[in-house]
Amino acid sequence: MTASPLCHYWTPAACTPLRSALLTRAYLMWSCWGHEGATTPAHRPDGRYCVRWAKGRTTDEIGELLTDSPIAITGSTYTPPAARGDRGVLRLNDGLVELDGPGTHQDGV
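Keep in mind it's a predicted model, so treat the numbers as computed, not measured. (Residues numbered from 1 in each chain as written. Predicted model: local features only at pLDDT ≥ 70, side-chain atom pairs only at ≥ 80, totals over all residues. Heavy atoms only, no water.)

**Quick notes on the overall build of the chain**
Move 1: Helix and strand counts for the chain stand at three helices and five strands.
Move 2: Per-residue burial over the chain gives 37% buried out of 109 residues.
Move 3: Of the contacts made within the chain by residues no fewer than 6 positions apart, 52% connect residues no fewer than 24 positions apart.
Move 4: As displayed, the chain offers around 6,600 Å² of accessible surface, 56% of which is attributable to carbon and sulfur atoms. (Helix = DSSP H or I, 4+ residues; strand = E, 2+ residues; numbered from the N terminus. Buried < 20%, exposed > 50% of the residue type's maximum accessible area, 1.4 Å probe, protein only. Contact = heavy atoms within 4.5 Å. Areas by Shrake-Rupley, 256 points an atom, 1.4 Å probe, with all protein chains shown as cover.)

**Quick notes on unusual backbone geometry**
Negative phi is the rule for most residues except glycine; trans is the rule for most peptide bonds.
Move 1: A positive phi angle, near 55 degrees, is found at Asn-93, a position not held by glycine.
Move 2: By the element assignment, Asn-93 lies in the loop between strand S4 (88-92) and strand S5 (95-100).
Move 3: On the basis of relative accessible area, Asn-93 is assigned to the exposed category, the value being 68%.

**Quick notes on the pattern of salt bridges**
Move 1: Tallied over the full model, the rule gives six salt bridges.
Move 2: Put simply, Glu-98 and Arg-44 hold a salt bridge, and the shortest N to O gap is 2.9 Å. Taken together, the residues span a long stretch of sequence, with Glu-98 in strand S5 and Arg-44 in the loop between strand S1 (38-41) and strand S2 (49-52) at a distance of 54 residues.
Move 3: Asp-100 is the salt-bridge partner of Arg-52, the closest N and O atoms lying 3.0 Å from each other. Of this pair, Arg-52 sits in strand S2 while Asp-100 sits in strand S5, placing them 48 residues apart in sequence.
Move 4: Owing to a relative accessible area of 36%, Arg-52 belongs among the partly exposed residues under this scheme. (Salt bridge = Lys/Arg side-chain N within 4 Å of Asp/Glu carboxyl O.)

On their own, these measurements won't tell you what the molecule is for.
Rendered as structure tokens:
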């Protein structure tokens with residue numbers, strides 16, 4: 001029997017607790033707000049995934065929601081994108097997930 005090409009999604013990794021926490025919030029983020037998100041490979045060498053969406057809440061708004069709100073992921077931190085074209089970073093312990101949505105900076109950049 002050969003391994004499924006999707007096995008890497010189920011193999012425990014540093015970002016597994018963070019992915020699990022994001023999945024518990026997915027209904028609100030994508031169904032209620034209509035973000036139409038997708039998961040893609042991360043750009044950072046220590047990252048595994050990037051959550052991308054093209055409309056709706058900004059990257060910074062989602063980062064703040066996930067770290068400083070009633071539905072926050074306990075213990076997580078958010079780092080905004082450093083420059084235009086960069087991605088925000090959501091961290092929990094040793095795991096990270098990149099966030100890439102519209103209007104990544106508060107100054108509109």
